[in-house]
Amino acid sequence: MGTLYQEKSWTSADGLNLYFRDYAGPEGYDGPPVLCMHGLTRNSRDFADLARHIAKTRRVIVPEMRGRGMSDYAPDSSTYNPAQYVADVELLLKQERIDGFISIGTSMGGLMTMMLAAANPGRIAAVVINDIGPKIEIAGLSRIGGYVGQGRIYPTWIHAARSMASVHSEAFPGYDLEAWIEMAKRTMVVSQNGRISYDYDMAVAEPFKEPGNAAPVDLWPAFDALKDVPMVLVRGGLSDLLSPETVDEMGKRNTAMSLATVPGVGHAPMLSEPEALNAIGALLAKV
């Protein structure tokens, strides 16, 4: 046991029904749960392999932010911003009576981790930040801005996979068609008419594309709230969002940080790669 999840929900302050996967972990586990937070256009399926792996020893909670996956889409697209997502997650933590937790955040989820730390630093026992930092490279942001919100529809998974490859092949040059199909199935869904489309609200793109809205202006103070917290920073060796200079500065500010580089991958590693898994395993063993 300990590898299956329950499908649960919580309610946002503005009345949205939001979805999360709850992997109970081993029977009787009462330690801090692991909270996994996905990237801008992603959902809980991104963490399926990692969550199943960690759930052998711990409880794992994987929320889907508003406008993604099985969570409600927001009627007001201006609420698609990191501060709102953090406010939503705070209500999830309150509902589940979670005082302390371990955070694993990919991209936008990593920004959310820093913001959660800034609001209440002592509750985070350990952190995995996946391919993001307090300083985000403009080149990476404009690349994301170029594809987010493009609501294309495909007749088959092979068409969907080839389209993903055409957009993301620089980040995953080693992927074959099978790997692209797997990625498409994590990111897209079969709609009622049998066509395949992206599993998020295209309106997510609207606030993201406005200046200053992709991320809070200065995240260094938020990152500093994680000072001395055991941390693994995972970086894709080909990342265009997280520069080596930012990695160095993060390491200086948090001496409890270790770096795991996933070679041959850009933004963002899937966290099922051996380099990432080993580093995450070593981190969890300390907590």
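Just above, that's the structure.
Our subject in this report is the structure included herewith. As the structure is a computational prediction, the values presented were derived from the model and not from experiment.

1. Digging into the sheet that holds strand β1 (residues 5–11)
Thinking step 1. As summarised here, the arrangement of the 8 strands in space is β1-β2-β4-β3-β5-β6-β10-β11, forming an open sheet in which the pairing is mixed. Since the sheet does not close on itself, it has two edges, and those belong to β1 and β11 (257–262), each with one partner. Across the sheet, the axes of successive neighbouring strands diverge by a mean angle of 20 degrees, strand direction being ignored.
Thinking step 2. Two strands pair when backbone bridges link them, and strand β10 (residues 231–236) and β11 are joined in this way by 6 bridges, in the parallel orientation. Note that in β11 the partner of Met-231 across the bridge is Met-257.
Thinking step 3. In the packing of helix α3 (residues 108–119) onto the sheet, contacts are made with β3 (34–37), β5 (101–106) and β6 (124–130), and the angle to β5 comes to roughly 145 degrees.
Thinking step 4. Lying over the sheet, helix α10 (residues 274–286) contacts β3, β5, β6, β10 and β11, oriented at roughly 160 degrees with respect to β11.

2. Here's the deal with the sheet that holds strand β9 (residues 196–198)
Thinking step 1. Pairing within the open sheet is antiparallel, and its 3 strands lie in the order β7-β9-β8. What marks the edges here is a single partner per strand, and that holds for β7 (153–154) and β8 (188–190).
Thinking step 2. Its contacts with the sheet place helix α5 (residues 157–168) against β7, β8 and β9, and it is angled at close to 165 degrees to β8.

3. A few points about the pairing of β1
In the case of a regular strand, side chains alternate between the two sheet surfaces.
Thinking step 1. The sheet contact formed by β1 and strand β2 (residues 17–23) spans 7 bridges and is antiparallel. Residue pairing across strands places Trp-10 opposite Leu-18, the latter belonging to β2.
Thinking step 2. Where β1 folds back onto β2 in an antiparallel hairpin, the turn is made up of 5 residues, including Gly-15, whose phi is positive at roughly 85 degrees.

Definitions and cut-offs
- Residues numbered from 1 in each chain as written.
- Predicted model: local features only at pLDDT ≥ 70, side-chain atom pairs only at ≥ 80, totals over all residues.
- Heavy atoms only, no water.
- Pairing = 2+ DSSP bridges.
- Helix = DSSP H or I, 4+ residues; strand = E, 2+ residues; numbered from the N terminus.
- Axes fitted to C-alpha atoms, helices over the stretch in contact; angles between N-to-C directions.
- Contact = heavy atoms within 4.5 Å.

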